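# Analysis of the macromolecular model
So the chains spell out like this:
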Amino acid sequence: MYYIIMIIGAVFVNNIILAQFLGTCPFVGVSNKVSTASGMGVAVLFVMTIATLFTSTINYYILMPFGLQFLQTITYILVIAALVQMVEMILKKISPPLYQALGVYLPLITTNCAVLGVAILVTMKGYSIIDSTLYTMFSAAGFAMAIIIFAGIREQLDLVGIPKGIQGVPSALILAGILALAFMGFANLV
Amino acid sequence: MSKLSIVTKGFIKENPVLVLVLGTCPTLAVTTSVENGIGMGLATTFVLVLSNMFISLLRKITPNEVRIPIFIVVIATFVSIVDLLIQGFVPALAESLGLFIPLIVVNCIVLGRAEAFASKNGVFDSMLDGLGMGIGFTIALVIIGTVREILGSGAILGYEIPFMKGNEILIFVLAPGAFFVFGYVMALVRFLQKK
């Protein structure tokens, strides 16, 4: 039951994009087509889950026992940057088709604030390593869902005549606002 | 380029948020009030000026292949300094900005300026560029923050506005309002620039 509530909370109620504004750069930047959006969603899911597994392990076994929490930001961002590089190299070696599909998104993920944001968030919440990793996985799934829905709507939006000043990013932001309104309906679910 | 135009280009013409669409996460998240917007803007300006200065100082000895990790370490150092200073001296601001202070590290504006300007230009010019971009960021946050605070909580900088108080539109301080206001402000800037 605990995990079901966690899933609903992370995916719908506290959706990282639409309720917490983490990762809005790629959300607006690479959501023109459903295919690229789903590529980005899968890449983020992959990297975020591994990143939090590493950062929370480091937090529990290195930073906390030695009282080094003030180094949290530097440690986490370095781990994430190194991890993204490593994932890129490993994918290139063992699975070229997957690398072909996700390769272009990987460098962008280092500066995706959702990765660092959720890693810090679960540390603030004081979750255990397993709970942290699961929570991150669900949050990332929420990100993937939101970006795919959003891209689907944007594809349709291209066919509609909208005033010139609002075309592009402004229309995307207003659309995101309407989506966020819809997601507010989940607010008191958990 | 004259020294003055390095500073002023960030204000409107190349405004990082409203024209270049960088750093959208903090823009959406912290603009529930003008005060938060100013706090976030100043913290980011501080990081921008100092990280630009340092990266510019190191630009001749930075190997090209590992420049991104080096930039990130420099930026993360200054972000940690700001984080600890704010927690120590303005705990109320640290409370309301919360997670978004450490997230200055991944603000695309900071890394973007390091890559596009500071790694190629002199120390003083880089500092001016950081200052201009930081002020441009603050301007954008203050504009969006003002609209959201007036409409959403019927006040400005904490002072109540007679008619608006009691007629607040709550949605503007919640998540959807952030997207709406940001979208329309950006559309307005584009419209004015075309003229």
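All figures in this text were calculated on a predicted structure; none of them were measured in a lab.

### Concerning the overall build of chain B
The secondary structure content of chain B amounts to eight helices and two strands. Along chain B, from the amino end to the carboxyl end, the secondary structure elements read α-α-α-α-α-α-α-β-β-α. Here the C-alpha atoms of chain B give a radius of gyration of 17 Å, agreeing with the 16 Å that 2.2 N^0.38 yields for 195 residues. Overall, the C-alpha framework of chain B stretches about 60 × 45 × 25 Å when taken along its three principal axes. Element-wise, carbon and sulfur atoms account for 72% of the exposed surface of chain B, whose accessible area totals about 8600 Å². Computed over 13 positive and 11 negative side-chain charges, the inter-centroid distance for chain B is 13 Å.

### A look at the overall build of chain A
The helix and strand tally for chain A stands at nine helices and zero strands. Beginning at the N terminus, the succession of helices and strands in chain A can be written as α-α-α-α-α-α-α-α-α. The C-alpha atoms of chain A give 17 Å as radius of gyration, which agrees with the globular expectation for 190 residues (16 Å, within 12%). Within chain A, the fraction of its 190 residues that count as buried is 51%. Expressed as a percentage of contacts within chain A between residues at least 6 apart in sequence, the contacts between residues at least 24 apart total 77%. Counting only carbon and sulfur atoms, one obtains 72% of the accessible surface of chain A, whose full area is about 8600 Å².

### Brief notes about the packing of aromatic side chains
Residues and elements named next belong to chain A. Applying the stated criterion across every chain, the model contains seven aromatic pairs over all chains. Residues Tyr 2 and Tyr 3 carry aromatic rings whose centres are separated by 5.2 Å and whose planes lie at 70° to one another, so their mutual orientation is edge-to-face. According to the relative accessible area criterion, Tyr 2 is partly exposed, its value standing at 46%. Taken together, the ring pairs in this structure connect Phe 12, Phe 183 and Phe 186 into an aromatic cluster.

### Here's the deal with the pattern of salt bridges
Residues and elements named next belong to chain B. Enumeration according to the criterion identifies four salt bridges over all chains in this entry. Between Lys 9 and Asp 129 there is a salt bridge whose closest N-O contact spans 2.9 Å. Of this pair, Lys 9 sits in the loop between helix H1 (3-8) and helix H2 (24-30) while Asp 129 is found in helix H7 (residues 123-153), placing the two residues 120 residues apart along the sequence. Neither Lys 9 nor Asp 129 differs from the other in exposure class; each is buried.

### Side note on unusual backbone geometry
Notably, A:Phe21 is not glycine yet its phi reads approximately 60°, a positive angle. Its place among the elements puts A:Phe21 in the loop between helix H1 (2-13) and helix H2 (24-29). Within the chain, B:Val21 stands out as a residue other than glycine whose phi angle is a positive 55°. Here B:Val21 shows up in the loop between H1 and H2. Accessibility expressed as a relative area gives 21% for B:Val21, which makes it partly exposed.

### Quick notes on the interface of chain B and chain A
Taken together, the contacts link 34 residues of chain B with 36 residues of chain A. Regarding the contact of chain B and chain A, the summed buried area is about 3000 Å², with carbon and sulfur atoms giving 85% of it. Among the residues of chain B in contact with chain A, B:Leu99, B:Val106 and B:Phe179 are the three that bury the most area, contributing 21% of the side total. At the junction of chain B with chain A, the criterion picks out zero salt bridges. Our enumeration of links across chain B and chain A arrives at three residue pairs in polar contact (both at pLDDT 80 or more). Looking at the side of chain B that touches chain A element by element, the count peaks at 11 residues for helix H8 (residues 175-194) of chain B. Partitioned by chemical class, the residues of the side of chain B that touches chain A number 28 nonpolar, five polar and one charged.

### Structural notes on the confidence of the model for chain B
Residues and elements named next belong to chain B. Residues at a pLDDT of 70 or more form 99% of chain B, whose mean pLDDT is 88. Between the elements of chain B, mean pLDDT differs from a low of 82, seen in strand S2 (residues 159-160), to a high of 93, seen in helix H3 (residues 34-57). With pTM at 0.88, the complex prediction returns an ipTM value of 0.85.

### Topic: the environment of B:Phe137
All names here are of chain B. Positionally, Phe 137 belongs in helix H7. Look at Phe 137 and you get buried, because its relative accessible area is 0%. A C-alpha to C-alpha distance of 21 Å links Phe 137 and Val 90, two positions 47 residues apart in sequence. Setting aside its immediate chain neighbours within four residues, Phe 137 contacts Pro 16, Val 17, Gly 23, Pro 26, Thr 27, Met 40, Gly 41, Thr 44, Asn 107 and Ile 109.

Here is what the cut-offs are and how they apply
- Residues numbered from 1 in each chain as written.
- Chains lettered and ligands numbered in written order.
- Predicted model: local features only at pLDDT ≥ 70, side-chain atom pairs only at ≥ 80, totals over all residues.
- Heavy atoms only, no water.
- Helix = DSSP H or I, 4+ residues; strand = E, 2+ residues; numbered from the N terminus.
- Rg over C-alpha atoms; globule rule 2.2 N^0.38 Å.
- Areas by Shrake-Rupley, 256 points an atom, 1.4 Å probe, with all protein chains shown as cover.
- Lys, Arg positive; Asp, Glu negative; His and termini not counted.
- Charge placed at Lys NZ, Arg CZ, Asp CG, Glu CD.
- Buried < 20%, exposed > 50% of the residue type's maximum accessible area, 1.4 Å probe, protein only.
- Contact = heavy atoms within 4.5 Å.
- Phe/Tyr/Trp six-rings, centres within 6.5 Å; stacked < 30°, edge-to-face > 60°.
- Salt bridge = Lys/Arg side-chain N within 4 Å of Asp/Glu carboxyl O.
- Buried area = accessible area lost by both parts, 1.4 Å probe.
- Polar contact = N/O pair within 3.5 Å; in protein donor to acceptor, adjacent residues only side chain to side chain.
- Nonpolar A, V, L, I, M, F, W, Y, C, P; charged D, E, K, R; others polar.
- pLDDT = per-residue confidence, 0-100.

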